[in-house]
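# Overview (structure and organization)
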Amino acid sequence: MRLRDLLYGATVIIVTLLVWRISVNSFHIQERARDIQRIFSVHEISRVSTTTPAASPKCKLSKVCPIDHFAFQITSGAADVVGPQICFEGKIVMSGVINNVGPGINMVVVNGENGTVEKFSYLNMLIGKPEDILAFLKDIKPGMIVLVASFDDVTTKLTDEMREIFDALGSTMIKSIKHRDSWVFAGGAGTNEKSPFEKVAVSDPTSNIYEGWPEVVEIGGCFPRKI
Ligand SMILES: *[C@@H]1O[C@H](CO)[C@@H](O)[C@H](O)[C@H]1NC(C)=O
């Protein structure tokens, strides 16, 4: 009778100890499983973040533009020799190499909502017809983004009415641009906001770097999408 009690007691103790050990172990196993999961999920995240937005900057910018912006880069022509270049969202739309540039105002018009290039052309300010130039400018609808580069000379056929249109597109410098100045500009139609994207190199016979022409000017950046 006493022996049975003793055996019973010992068994209870052993079973209790076993159950306790198993539960402690399983707690450790759960912990380890959680650790392993954590390591894997970190791996998942780092794998995703390295593969998805590793896009390289467009138009040779130094950084990638935010999602609601368009990348652009504009270089003016050099004298009457090297054509200007206009890049939009990674694509060179106009350049001397493509051979679709000309003297005067080279201009790309883009839909500001979806980035579609609506049209591009050069307004020949040397021999163009003022009424054709005006018709092109007046056809730029609200919501469009314009990218502009000078080549050779901008002012020969440039009237005050044309200057007003560029002023309304956001240019602050068009009203003071003179014969043979280099000019690059990016603006938006229909907002009447002044654009931060503009640069002029004034033609000055005492400091011009090319014979009779000033230096090339260049701007690039991220133009906010019109939503
Ligand atoms: C962009 O919008 C214009 C005007 O709404 C439309 O004609 C053009 O097809 C659109 N382009 C794209 C790529 O969605």
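In short, a report on the structure. This is a predicted model, so every value here is computed, not measured.

In this section: the site of the ligand. In the neighbourhood of the ligand, the contacting residues comprise Asn111, Asn114 and Thr116. With respect to the ligand, the side chain of asparagine 111 contributes an N or O atom lying 3.2 Å from an oxygen atom. Asparagine 114 places a side-chain nitrogen or oxygen 2.4 Å from an oxygen atom of the ligand.

This part takes up the sheet that holds strand β4 (residues 104–111). With antiparallel pairing, the 5 strands of this open sheet are ordered in space as β5-β4-β6-β7-β8. Looking at the sheet topology across the chains shown, the edges are occupied by β5 (117–124) and β8 (198–201). Along the sheet, successive strands turn relative to each other by an average axial angle of 10°, direction set aside. Pairing of strand β6 (residues 144–151) with strand β7 (residues 182–188), which is carried by 5 bridges, proceeds in the antiparallel orientation. The residue of β7 that forms the bridge with valine 146 is glycine 187. Strands β4 and β5 of the sheet are contacted by helix α2 (residues 130–138), whose axis makes an angle of about 155° with β5. Running at roughly 55° to β7, helix α3 (residues 160–168) makes contact with β4, β6 and β7 of the sheet.

Conventions adopted
- Residues numbered from 1 in each chain as written.
- Predicted model: local features only at pLDDT ≥ 70, side-chain atom pairs only at ≥ 80, totals over all residues.
- Heavy atoms only, no water.
- Near = heavy atom within 4 Å.
- Polar contact = N/O pair within 3.5 Å; in protein donor to acceptor, adjacent residues only side chain to side chain.
- Pairing = 2+ DSSP bridges.
- Helix = DSSP H or I, 4+ residues; strand = E, 2+ residues; numbered from the N terminus.
- Axes fitted to C-alpha atoms, helices over the stretch in contact; angles between N-to-C directions.
- Contact = heavy atoms within 4.5 Å.

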